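Spelled out from the first residue to the last, the chains are:
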Number of protein chains: 2
Amino acid sequence: MSNKNRRHTKTQQMVLDYFENTDGAVSHEMVEKSLGDSMNRVTIYRILNRFEEDGIVHKIVGDDGVSYYARCESACDHDHHHDNHIHFRCEKCNSINCLEQSISIDLPKNYQMTNINFLITGICASCNKE
Amino acid sequence: MSNKNRRHTKTQQMVLDYFENTDGAVSHEMVEKSLGDSMNRVTIYRILNRFEEDGIVHKIVGDDGVSYYARCESACDHDHHHDNHIHFRCEKCNSINCLEQSISIDLPKNYQMTNINFLITGICASCNKE
DNA sequence: GTAACTGCAAAATATTTGCATCCTT
DNA sequence: AAGGATGCAAATATTTTGCAGTTAC
């Protein structure tokens, strides 16, 4: 389903590097703030969409309505990037990270699952100190 | 925190009735399609926001980026409408409903939770038959 | 050389705000 | 009558699309 002919470009590599050097999930806004001088905002949209389409990252939509992207774990293949652990979004520092806890899902009969989006919002430990 | 002086109006009652007569969660678009002739789209935005603010409904953000609203269970009070069960969004019929399964959350030390958003996307049983 | 990728402008969507008016209390 | 709620227009975001120019392969 997914593998179009993709090309390796500088811009994409920069975004990949950004993922590599960033803890937790990443939003369009964050990429733009970081790399916006080197590339157009539209390009960022397109790169993020492409990455998701290709299974390189998965998307987590926050209860703030913002889309965050995180590199997929090894387990992800191109058509299934299920992600049955919980993400935590800190309202203060606006980071999204994975919690250890993972969920075993008990879907009712005849239900079929294509995507999981588990998100808890609140204050993370480091922000809670202050 | 929440109780402003609210007034009882026809428009709001219509939206409430719509919730009552609809299974599962409801999006702005659905309300507008249903009641758009009787009220302005902006009014719908404001009513839905107000309802959420007042704890009358809670918001679930789909991985499609769309906000859905569902009437709160009895357990909800004004400041805490935690909703630790899983919602299921059907990509075909675009309904959102609650699954029975609820999740016990095991938050790491010093984490503080303000909101839960558990959503599985896929095909529901009735759509899966066809 | 071909087709993917990018940048810019513009279009399409989605949501919010200002303000005059209407309606609940 | 005071101020919350609504409608309309306009302002803000946010995301997508068209197309020409550029670059990877």
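Residues numbered from 1 in each chain as written. Chains lettered and ligands numbered in written order. Predicted model: local features only at pLDDT ≥ 70, side-chain atom pairs only at ≥ 80, totals over all residues. Heavy atoms only, no water.

1. Description of the pairing of strand β3 (residues 67-71) of chain B
All names here are of chain B. The condition that has to hold: We call two strands paired when DSSP finds no fewer than two bridges between them. Only DSSP runs of H or I reaching four residues or more are called helices, and only runs of E reaching two or more are called strands; each is numbered from the N terminus.
Sheet analysis places strand β1 (residues 26-27) next to β3, joined by two bridges and oriented antiparallel. Residue pairing for β3: Val-26 is matched across the bridge by Tyr-69. As paired elements, strand β2 (residues 57-61) and β3 share five bridges and run antiparallel to each other. By the bridge assignment, Ile-60 is partnered in β3 with Tyr-68.

2. Description of helix α1 (residues 10-20) of chain B
Residue and element names in this part refer to chain B. Under the convention used in this document: Each residue is assigned to one of three classes by its accessible area relative to the maximum for its type, calculated with a 1.4 Å probe on protein chains only: buried under 20%, partly exposed between the two thresholds, exposed over 50%. The arc in question is the one traced by the directions running from the helix axis out to the C-beta atoms.
Where α1 is concerned, the buried positions are Gln-12, Val-15, Leu-16, Tyr-18 and Phe-19. Projection of α1 onto a plane perpendicular to its axis shows the buried side chains occupying an angular sector of 155°, all on one side. In this structure, α1 carries Lys-10 and Glu-20 as exposed residues pointing more than 90 degrees from its buried face.

3. As for the environment of A:Phe51
Residue and element names in this part refer to chain A. Counted only if it meets this: A contact between two residues is defined here by any heavy atoms of the two lying within 4.5 Å.
Relative to the helices and strands, Phe-51 is located in helix α3 (residues 41-53). Phe-51 sits 39 residues away from Gln-12 along the chain, and the two C-alpha atoms are 9.2 Å apart. Those residues in contact with Phe-51 that lie beyond four places of it in its chain are Gln-12, Val-15, Leu-16, Phe-19, Ile-56 and Val-57.

4. Some points on the nonpolar core
This is how it is decided: Residues belong to one nonpolar core when they are buried, are Ala, Val, Leu, Ile, Met, Phe, Trp, Tyr or Cys, and are joined through side-chain atoms within 4.5 Å.
Residues A:Ile86, A:Phe118, B:Ile86 and B:Phe118 are the most contacted members of the largest nonpolar core, which totals 22 residues. Listed by contribution, the elements that provide at least two residues to this core are β4 (85-90) and β6 (112-123) of chain A together with β4 (85-90) and β6 (112-123) of chain B. Aside from chain neighbours lying at most four places away, what touches B:Phe118 is A:Ile86, A:Asn117, A:Phe118, A:Leu119, A:Ile120, B:His85, B:Ile86, B:His87, B:Ile103 and B:Ile105. The next biggest cluster of nonpolar side chains, apart from the first, holds 14 residues, and it includes B:Leu35, B:Met39, B:Ile44 and B:Ile47.

5. Considering the protein's contact with DNA strand C
Our working rule: Residues are counted as near a molecule or strand when any one of their heavy atoms sits within 4 Å of it. Think of a polar contact as two N or O atoms within 3.5 Å of one another; within protein, one of them needs to be a possible hydrogen donor and the other a possible acceptor, and neighboring residues in sequence only count if both atoms come from side chains. Each residue gets one label: Ala, Val, Leu, Ile, Met, Phe, Trp, Tyr, Cys and Pro are nonpolar, Asp, Glu, Lys and Arg are charged, and the others, such as Gly, are polar.
The local shell around DNA strand C holds 21 residues, among which A:Arg7, A:Thr11, A:Thr43, A:Arg50 and B:Arg7 are the closest. At a separation of 2.7 Å, a base nitrogen of DNA strand C approaches a polar side-chain atom of A:Arg7. Within the backbone of A:Asn40, a nitrogen or oxygen atom sits 3.1 Å from a phosphate oxygen of DNA strand C. Of all the secondary structure elements, the ones that give two or more residues to the surface near DNA strand C are α1 (10-20) and α3 of chain A together with α3 (41-53) of chain B. When grouped by side-chain class, the residues that make up the surface near DNA strand C number five nonpolar, nine polar and seven charged.

6. Considerations on the packing of α1(A) against α3(A)
Residue and element names in this part refer to chain A. To be explicit about the condition: Inter-axis angles, ranging from 0 to 180 degrees, are taken between N-to-C directions of lines fitted to C-alpha atoms, where helices are fitted over the stretch in contact. Angular relationships are summarised with four words: roughly parallel below 35 degrees, roughly antiparallel beyond 145, roughly perpendicular across 65 to 115, and oblique for the angles in between. A crossing counts as left-handed when the near helix is turned anticlockwise from the far one by less than a right angle, and as right-handed when that turn is clockwise.
Interaxial distance between α1 and α3 falls to 11 Å at its minimum, and their mutual angle equals 70°. With respect to each other, α1 and α3 are oriented roughly perpendicular. The two elements α1 and α3 meet at a crossing, and its hand is right-handed. Listed contacts from α3 to Thr-11, Gln-12, Val-15, Leu-16 and Phe-19 of α1 are Ile-47, Leu-48, Arg-50 and Phe-51. For the contact of α1 with α3, the class distribution of residues is six nonpolar, two polar and one charged.

7. Some words on the interface of chain A and chain B
The criterion, for reference: Buried area is understood as the total, over both parts, of accessible area removed when two parts are fitted together, assessed with a 1.4 Å probe. By convention in these notes, a salt bridge is any Lys or Arg side-chain nitrogen within 4 Å of a carboxyl oxygen on Asp or Glu.
Listed by partner, the interface residues are 34 residues for chain A and 34 residues for chain B. Here chain A packs against chain B, burying approximately 2800 Å² in sum over the two surfaces, 56% of which is carbon and sulfur. On the surface where chain A and chain B come into contact, there are zero salt bridges. Here the side of chain A that touches chain B takes 12 residues from β6(A), the largest share from any one element. Partitioning the side of chain A that touches chain B into residue classes produces 17 nonpolar, 12 polar and five charged. Pairing analysis gives 11 bridges linking β6(A) to β6(B), with the strands arranged antiparallel. Considered in β6(B), the bridge of A:Asn117 is made with B:Leu119.

8. Side note on the sheet that holds β3(B)
Paired through backbone hydrogen bonds, the strands of a sheet run either parallel or antiparallel to each other. Residues and elements named next belong to chain B. What the three strands build is an open sheet, ordered β1-β3-β2; its pairing is antiparallel. The sheet is open, and its two borders are formed by β1 and β2, each paired with just one other strand. Across the sheet, α1 is in contact with β1, β2 and β3; its angle to β3 comes to roughly 85°. Its contacts with the sheet place α3 against β2 and β3, and it is angled at close to 110° to β2.

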